[in-house]
Amino acid sequence: MSGSLPFSVHALELGPMENFVYLIEDKASGRAAVVDPAWDVPQVLALAQQHGVRITDILLTHSHHDHINGIEDVLQAYDAQLHLLKAEAQFWGSYLDLPTLHHGGDLISLGETAIEVLHTPGHTPGSACYRLADRLITGDTLFVFGCGRCDLRGGDPEQMFHTLKDMEQRFSGSTIILPGHNYAEKATSTFEEQVEGNPFMHFDDVARFVHYRMHYHDQHRHEPYGPVCKGHEMPG
Ligand SMILES: [Fe+2]
């Protein structure tokens with residue numbers, strides 16, 4: 001995405017749920033990591049070939065089926081190392097042999113590219129985001145003008161509230177988010193734009209956030225998501 005960075009991130013939108021699968025290319029080493037391989041692995045492999053890289057690592061943001069159903073196909077083609085948070089592996093229970101289990105704050109080296117692992121629970125207990133310089137791969141934690149559901153097994157809307165608050169504190173406004181689904185009117189955004197227009201980032205009260213996430217949002221907003229003014233769409 002930028003000439004001065006040691007990496008490029010390539011996105012593919014795949015499958016019936018508009019999943020984004022990302023290929024992180026480390027320019028110096030020719031290594032690549034695929035994030036959440038699913039749905040159409042031949043397209044992922046073709047993209048890697050097109051860029052002349054070999055997939056050495058698989059990063060999971062979480063263990064839901066629509067983010068992992070291509071792992072085995074990638075492993076058929078490449079001897080890649082699987083990475084996920086320990087908390088997600090415990091929640092998932094049936095992960096593949098010998099994954100590298102991480103804790104929040106760990107760094108993964110992909111050649112000259114440093115990838116920071118963040119623990120961002122809420123959608124699942126071990127959901128992860130991955131930061132590369134000013135890019136943040138957010139999985140189903142933060143979408144453009146949305147956030148992941150918290151009503152599925154392992155979901156916790158109170159944790160999601162605190163996760164989003166922590167992320168707002170931690171990241172500068174210019175940080176670019178790369179979400180796990182294409183649910184909005186555009187594929188990427190900045191933190192500044194999300195703090196302004198993402199309704200899930202407008203709450204200061206956890207109970208109101210929980211009510212909005214669990215009972216109000218899905219009945220009142222529809223895809224593609226667009227920006228919401230602060231104070232608008234808030235249940236009473
Ligand atoms: Fe999910």
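Residues numbered from 1 in each chain as written. Predicted model: local features only at pLDDT ≥ 70, side-chain atom pairs only at ≥ 80, totals over all residues. Heavy atoms only, no water.

A separate point is the pairing of strand S2 (residues 19-26). With 8 of 8 residues buried, S2 is to be regarded as a mostly interior element. In S2, alternate side chains face the same way, and those of Asn 19, Val 21, Leu 23 and Glu 25 on one face and Phe 20, Tyr 22, Ile 24 and Asp 26 on the other are all buried. Looking at chain direction, strand S1 (residues 7-14) and S2 are connected through 8 bridges and run antiparallel. The residue bridging Val 9 from the neighbouring strand is Ile 24, located in S2. If you look at the hairpin formed by S1 and S2, you'll find 4 residues sitting between the two strands, and Gly 15 has a positive phi there, around 85°. When S2 meets strand S3 (residues 31-35), the two strands line up antiparallel, connected through 4 bridges. Within the sheet, the bridge partner assigned to Glu 25 lies in S3 and is Ala 32. Adjacent in sequence and paired antiparallel, S2 and S3 are bridged by 4 residues, among which Gly 30 carries a positive phi angle near 75°. (Buried < 20%, exposed > 50% of the residue type's maximum accessible area, 1.4 Å probe, protein only. Helix = DSSP H or I, 4+ residues; strand = E, 2+ residues; numbered from the N terminus. Pairing = 2+ DSSP bridges.)

Let's shift gears to the coordination of the iron ion. Around the iron ion, the protein contributes the donor atoms His 62 (NE2), His 64 (ND1), His 123 (NE2) and Asp 140 (OD), at 2.2 to 2.4 Å from the metal centre. Every donor counted, the 4 donor atoms about the iron ion form angles of 86 to 174° at the centre, which fits irregular coordination. Counting gaps between the donor residues of the iron ion yields the pattern H-x1-H-x58-H-x16-D. Residue His 64 is found in the loop between strand S4 (54-59) and helix H2 (65-68), and its partner His 123 is found in the loop between strand S8 (113-119) and strand S9 (128-132); the two are separated by 59 residues along the sequence. Both residues of the pair, His 64 and His 123, count as buried. (Donors = N, O, S within 2.8 Å, 3.2 Å for Na, K, Ca; no water. Tetrahedral: all angles 85-135°; square planar, octahedral: opposite > 155°, others 65-115°.)

Glancing now at helix H7 (residues 206-220). For H7, built from 15 residues, the straight-helix expectation of 21 Å at 1.5 Å per residue is met to within 8% by its first-to-last C-alpha distance of 20 Å. Taking the largest bend as the criterion, H7 deviates by roughly 45°, centred on Arg 213. Check the buried side of H7 and you find it contacts strand S12 (146-147) and helix H5 (157-170). Structurally, the start of H7 carries an N-cap: the backbone nitrogen of Ala 207 is 3.2 Å from a side-chain oxygen of Asp 205. (Expected span 1.5 Å × (residues − 1). Bend = angle between axes of the 7 residues up to and from the residue. Contact = heavy atoms within 4.5 Å. Polar contact = N/O pair within 3.5 Å; in protein donor to acceptor, adjacent residues only side chain to side chain.)

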